[in-house]
Amino acid sequence: MDLSYTPEEEEFRERLREWLGKVLPTLPPKPSPDDWPGRRAYDLGWQRMLHDAGYADVHWEGTPSVRLIFLEETEKAGAPYVGANFVGLLHAGPTIAAEGTPEQRARWLPPVLRGEEVWCQGFSEPDAGSDLAALRTRARRDGDDYVVSGSKIWTSHAEVADWCELLVRTDPDAPRHKGISWLAMPMDAPGITVRPLRTLAGSAEFAEMFLDDVRVPVANRVGDENDGWRVTMVTLSFERGTAFVGEVVACRRVLGELAVAARRNGRWDDPALRRRLGRLNAEFRALWRLTQWNVSEAEASGGVPGVGGSVFKLRYSHARQELYDAAAQVLGPDSLDLERPWTLDRLSSLSYTIAAGTSQIQRNIVAERILGLPKGR
């Protein structure tokens, strides 16, 4: 397995670095974290700049290695994160690119790439917990429409979204994994109520969503009716495969900053702390190599990440939490200061063993699909 880059890929890296060096100093100040309309406008503006420079379709048209280089270099340069574009660019967009019809790809992909439309994710439900297949939001066929009723929770960016990638149950009598469909729901349809949720870190990028007889055209279904579970696995493979690449780079940067801070405040003299930081350095280096391995596997299998993404997501979630526990050790009493970015990042890290599939779910996937262990009864 070749984990190196081709001359063409390295040329892409250098070209991207040069462009980032020119445009990043020209960006306006970032809006307040609580100003979601402002953040939407800022994130869409950045996406438009990427589009105009020819980098907008990297996530879909580029090879997995090119996507990896793009995420690595933008994070190293301190470029804006995808933000409100997260679901559209890294989840729904790649799924539609892989599973959608030509008409669906023509309708939904260009507006995301041009920075014109935002997507949210309507997967989780209040009573399903981590058991996604236990979803109960119903979609009843009525002519050319589905009539959808139910509720979703942890709906990313629902308060500013134009579209929602929505999982619904279209056959209540089918086995749990067989009666699900994947729909693209317009967020301005009558019958949708959105209530923002505030997280422990004080942000509100999630929401509850209530659906009361919402009509969604059958033409908005991606994949066959009742085949939504398979389509969802494609979505989740992107979410767990390459979506966290930039964050691994960010964690390696934070680790270096922790070492500098520890030397300044005297905590570097603690051998236990030095061992902890050294082990974390090895951990994130290994995670980066695992990312490259997953990317190489994706290239060999047509561009869709495989179940190796679950191995990555499982270990990364815990490593991130350990990193910010180490940050608290370095900061000491200052780790209680909510004005410090590391403190907010520590609070945010607590969600990573739950988001994008809990660690328990990831262990089941690894056990059953990679190790071939029998399912529990």
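For the structure, check the block above.
Right, let's walk through the structure included here. (Residues numbered from 1 in each chain as written. Predicted model: local features only at pLDDT ≥ 70, side-chain atom pairs only at ≥ 80, totals over all residues. Heavy atoms only, no water.)

A few points about the environment of Cys 164
Relative to the elements of secondary structure, Cys 164 occurs in strand β4 (residues 163-169). Taking C-alpha positions, Cys 164 is 8.5 Å from Ala 92, a pair spaced 72 residues apart along the chain. (Helix = DSSP H or I, 4+ residues; strand = E, 2+ residues; numbered from the N terminus.)

So, the side chain of Asn 85
Here Asn 85 shows up in the loop between α4 (64-76) and α5 (86-99). In this structure Asn 85 comes out as buried when scored by relative accessible area, which is 3%. In this structure, Asn 85 is in contact with Asp 43, Leu 44, Gln 47, Leu 90, Glu 117 and Val 118, ignoring residues within four places of it in sequence. (Buried < 20%, exposed > 50% of the residue type's maximum accessible area, 1.4 Å probe, protein only. Contact = heavy atoms within 4.5 Å.)

So, helix α1 (residues 7-23)
Taking 1.5 Å of rise per residue, 17 residues should cover 24 Å, and α1 covers 25 Å from first to last C-alpha, within 8% of that figure. Considered for burial, the residues of α1 that qualify are Glu 9, Phe 12, Arg 13, Leu 16, Trp 19, Leu 20 and Val 23. Taken down its axis, α1 places every buried residue within 135 degrees of arc, on the same side. Pointing more than 90 degrees away from the buried face of α1 are the exposed residues Pro 7, Glu 11, Gly 21 and Lys 22. (Expected span 1.5 Å × (residues − 1). Arc of directions from axis to C-beta.)

Points about the packing of α1 against helix α2 (residues 36-53)
Remark: α1 packs on α2, axes separated minimally by 12 Å, with the N-to-C direction vectors making an angle of 135 degrees. One finds that α1 runs oblique with respect to α2. The interaxial crossing formed by α1 with α2 has right-handed handedness. Touching Trp 19, Leu 20 and Val 23 of α1 are Trp 46, Met 49, Leu 50 and Ala 53, all from α2. For the contact of α1 with α2, the class distribution of residues is 7 nonpolar, no polar and no charged. (Axes fitted to C-alpha atoms, helices over the stretch in contact; angles between N-to-C directions. Parallel < 35°, antiparallel > 145°, perpendicular 65-115°, else oblique. Left-handed = near helix turned anticlockwise from the far one by under 90°. Nonpolar A, V, L, I, M, F, W, Y, C, P; charged D, E, K, R; others polar.)

Remarks on the packing of α5 against helix α6 (residues 102-113)
Contact geometry for α5 and α6: axes closest at 10 Å, N-to-C directions at 160 degrees. Considering the angle they form, α5 stands roughly antiparallel to α6. The handedness of the crossing between α5 and α6 comes out as left-handed. Between α5, through Gly 88, Leu 89, Gly 93, Ile 96 and Ala 97, and α6, the contact on the second element is made entirely by Gln 104, Arg 105, Trp 108, Leu 109, Val 112 and Leu 113. Among the residues forming the contact of α5 with α6, the class breakdown is 7 nonpolar, 3 polar and 1 charged.

Quick look at unusual backbone geometry
The phi angle at Trp 154 is positive, at roughly 55 degrees, despite the residue not being glycine. Within the secondary structure, Trp 154 is located in the loop between β3 (145-152) and β4. The phi angle at His 157 is positive, at roughly 65 degrees, despite the residue not being glycine. Looking at where His 157 falls in the secondary structure, it is placed in the loop between β3 and β4.

None of this, on its own, says anything about what the molecule does.
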